[in-house]
Amino acid sequence: MKATGVVRRIDDLGRIVIPKEIRKTLRIKEGSPLEIFTEKEGDIILRKYSPIGEISNFSTEYAESLAKVTELIAIVTDKDVVTAVSGTTKKDLLEQKISSDLEKIIDKRKVVTTDDNTAILITEKGNREKEIKSQVIAPIISNSEVTGSVILLAKESGKKVGVQEEKIAQVAANFLGNQMEI
């Protein structure tokens, strides 16, 4: 745990204000769900809630199936980080913060397909992602909220993401969204 040096008082309704700088850094917006944890020592921990995290094992298995069937790299994200990767070196992407460009794309609630000239970087670092030749990004929507995305991408030249891959990504995103509603 990292100390911030910020001290806040609880108001008469039991509320505290999370400083703007912290909200901006952690991408906490008005209405963002937070989980509350307590520890024996009296610590209270607030953590951004990720509905995708609730089904992380399932989404990892789903990403592996997608990669096997499509022979593409399959990625599942929540609104903040990459939660599942299959078909590439996981350490490059897994648990990395998603890029602000990707966040904007999934907030639009539309399936987006790109080629190597217009590829969207998946993570903030984007180190190895410059090799992307083609990709499809499908938003995961659960209870009418955007909760993440399913991404299929090709790094090999000559391999393009087409209509079939768009449909597969859409089906995967819809299925994962439905799983979170159960």
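Look a little higher up for the structure.
Described below are features of the structure shown in this document. (Residues numbered from 1 in each chain as written. Predicted model: local features only at pLDDT ≥ 70, side-chain atom pairs only at ≥ 80, totals over all residues. Heavy atoms only, no water.)

Topic: the overall build of the protein
We apply this condition: Where helices and strands are cited, they refer to DSSP runs of H or I of at least four residues and of E of at least two residues respectively, numbered from the N terminus. The cut-offs for exposure are 20% and 50% of the maximum accessible area for each residue type, with area from a 1.4 Å probe on protein chains only; residues under the lower value are buried, those over the upper are exposed, and the others partly exposed. Contacts are assigned to residue pairs with any non-hydrogen atoms lying within 4.5 Å of each other. The method behind every accessible area is Shrake-Rupley, applied with a 1.4 Å probe, and residues are considered shielded solely by the protein chains displayed. For the purpose of charge, His is not counted, nor are the chain termini; Lys and Arg are scored as positive and Asp and Glu as negative. Charged groups are reduced to one reference atom each: NZ for lysine, CZ for arginine, CG for aspartic acid, CD for glutamic acid.
Along its length, the protein carries five helices and seven strands. What you see in the protein, going N to C, is helices and strands ordered as α-β-β-α-α-β-β-α-β-β-β-α. Of all 182 residues assigned to the protein, the portion counted as buried reaches 36%. Here the analysis covers contacts within the protein between residues at least 6 apart in sequence; of these, 51% occur between residues at least 24 apart. Just so you have it, the protein exposes about 11,500 Å², and 50% of that area is on carbon and sulfur atoms. Treating the 29 positive side-chain charges of the protein as one cloud and the 29 negative ones as another, the clouds have centres 4 Å apart.

Regarding the pattern of salt bridges
Note the following rule: Salt bridge, as used here: a side-chain nitrogen of Lys or Arg that lies within 4 Å of a carboxyl oxygen of Asp or Glu.
Summed over the entire model, instances satisfying the criterion amount to three salt bridges. The salt bridge partner of D107 is K79, with a shortest N-O separation of 2.2 Å. Placement of D107 in helix α4 (residues 100-107) and of K79 in the loop between β3 (73-78) and β4 (82-86) is noted, with a sequence separation of 28 residues between them. What makes D107 partly exposed here is its relative accessible area of 35%. Residue classification places K79 among the partly exposed positions, given a relative accessible area of 22%.

Side note on a nonpolar patch on the surface
Put simply, the test is: Candidates for patches are residues over 30% relative accessible area with no salt bridge; among them, like charges are joined within 9 Å and nonpolar side chains (Val, Leu, Ile, Met, Phe, Trp, Tyr) within 5 Å.
A cluster of nonpolar residues, I10, I16, L34, I36, I44 and L46, forms a patch on the protein surface that exposes about 590 Å² of accessible area. Here I44 is to be found in strand β2 (residues 44-48). A relative accessible area of 61% means that I44 is categorised as exposed.

Description of helix α3 (residues 56-70)
Our working definition: An expected span of 1.5 Å times one less than the residue number is assigned to each helix. Directions are taken from the helix axis to each C-beta atom, and the arc is the one they span.
The terminal C-alpha atoms of α3 lie 21 Å apart, and with 15 residues this matches the ideal 21 Å at 1.5 Å per residue to within 8%. Residues S59, A63, L66, A67 and T70 constitute the buried set of α3. The arc enclosing the buried residues of α3, seen along the axis, measures out at 95°, which places them on a common side. Seen from the open side of α3, the exposed residues pointing more than 90 degrees away from its buried face are N57, E61, K68 and V69.

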